[in-house]
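Below, each chain spelled out in residue letters.
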Amino acid sequence: MKDPTGVRNAALPLRSAADLEPLLERIGDARYVLIGEASHGTHEFYAWRAALTRRLIEEHGFSFVAVEGDWPDCWDVHRSVTAASGAPEDPAEVLDGFERWPTWMWANTDVVDFTRWLRSYNRGLEPGRRAGFYGLDVYSLWDSLRSTLEYLEAHQPESVETALEAFRCFEPFAEDAQSYARSTQWVPSGGEKEVVDLLGKMSSAEPAGGSGRDAQFNAERNARSAAGAEAYYRAMVQGGPESWNIRDRHMAETLEPLHKGRAS
């Protein structure tokens, strides 16, 4: 059979982790490595994705994994794999608790095996050098609002009312994103002002030090996730590409502080 595309001549074997060497050479000193996939839920791809990621962390000094997932859920995984105080010792306990994420996408045995490996690897490193696990996506409006409110109640009680105003704005929709999106056809601004005010409160807070730094960083990212989610859902009902642009910008803006090492 003819091979007009030349795939057979260009193809390389992929039988063991050592066969990833040509790909790692091409990666070189890249700041980010984006590992796409042809379809969600493929065991073979998930296994090779984990093998490549392990080598990037072990041999090339990559300091975090960022996935197409919600910030609040992934933060719980992050705390487990970095052996944070009070976090579950087995990341599977956190992954089993994912409700909004489809279990076949993240809460599956391949991801469990990888996160268990990551926790074991991290335990051999100083806390500040441990590789994290974060979510870049923009769907977690209500979960992010709740997490932000919990932080403010404990650390910035003077800002709690601002968070409660955001909650009141979204409360009538019973955590139904489609219902909220449809409502913005009649009230175009929706809860935009409330979440922007909340984000402003978080951004203007004095930087925390010591053990409070991670908690503050998490709260800030949740406030930004809530703002991004509100904008995404508001644009979604209008159709067209804008909602996807909002989502992509949010992901890119989440990557930068992670790369700069603002979270341990």
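Residues numbered from 1 in each chain as written. Predicted model: local features only at pLDDT ≥ 70, side-chain atom pairs only at ≥ 80, totals over all residues. Heavy atoms only, no water.

Moving on to the nonpolar core. Formed by 30 residues in total, the largest nonpolar core has its most connected members in L141, W142, L145, L152, F170 and Y233. When residues of this core are traced back to their parent elements, those giving at least two are α7 (141-155), α8 (160-170), α9 (177-183), α10 (192-203) and α11 (212-236). The element best represented in this core is α11, accounting for 9 residues. Setting aside chain neighbours within four positions, we find Y233 in contact with Y139, L141, A177, Y180 and A181. Residues L20, V77, V81 and W106 belong to the second largest nonpolar core, which totals 27 residues. (Core = buried A, V, L, I, M, F, W, Y, C linked by side-chain atoms within 4.5 Å. Buried < 20%, exposed > 50% of the residue type's maximum accessible area, 1.4 Å probe, protein only. Helix = DSSP H or I, 4+ residues; strand = E, 2+ residues; numbered from the N terminus. Contact = heavy atoms within 4.5 Å.)

Glancing now at unusual backbone geometry. With a phi angle near 50 degrees, A174 is a residue other than glycine that sits in the positive phi range. Of note, A174 is situated in the loop between α8 and α9. Of note in this structure, E175 is not a glycine but carries a positive phi near 60 degrees. If you trace the backbone, E175 turns up in the loop between α8 and α9.

What follows covers the packing of aromatic side chains. Tallied over the entire structure, the rule returns 14 aromatic pairs. Considering the side-chain rings of W71 and W75, the 5.7 Å spacing of their centres and the 25 degrees angle between planes classify their relative orientation as stacked. Of this pair, W71 and W75 both sit in helix α4 (residues 71-81), 4 residues apart, roughly one helical turn. An identical accessibility class is assigned to W71 and W75; each is buried. Joined through ring pairs, the aromatic side chains of F64, W71, W75, Y134 and F217 make up one cluster. Above the face of the Y46 ring, R49 is positioned so that its terminal group lies 4.3 Å from the ring centre. (Phe/Tyr/Trp six-rings, centres within 6.5 Å; stacked < 30°, edge-to-face > 60°. Lys NZ or Arg CZ within 6 Å of the ring centre and 35° of its normal.)

Another aspect to go through is the side chain of S225. Mapped onto the fold, S225 is located in helix α11. The exposure class of S225 is buried, given its relative accessible area of 2%. Those residues in contact with S225 that lie beyond four places of it in its chain are W71, D137, V138, S140, S144 and H250.

Another point: helix α12 (residues 242-259). Helix length check: α12, at 18 residues, gives a terminal C-alpha distance of 26 Å against a target of 26 Å (1.5 Å per residue), a fit within 8%. Residues of α12 that are buried include every one of S243, I246, R247, H250, M251, T254, L255, P257 and L258, and no others. In this structure, the buried residues of α12 make contact with β1 (64-67), α4, β2 (132-135) and α11. (Expected span 1.5 Å × (residues − 1).)

In total, this model carries 13 salt bridges according to the counting rule given. Put simply, E256 and R31 hold a salt bridge, and the shortest N to O gap is 3.6 Å. You can see E256 sitting in helix α12 and its partner R31 sitting in the loop between α2 (21-27) and α3 (43-60), a full 225 residues away along the chain. A relative accessible area of 32% places E256 in the partly exposed class. Take R31: its relative accessible area is 48%, and that puts it in the partly exposed class. (Salt bridge = Lys/Arg side-chain N within 4 Å of Asp/Glu carboxyl O.)

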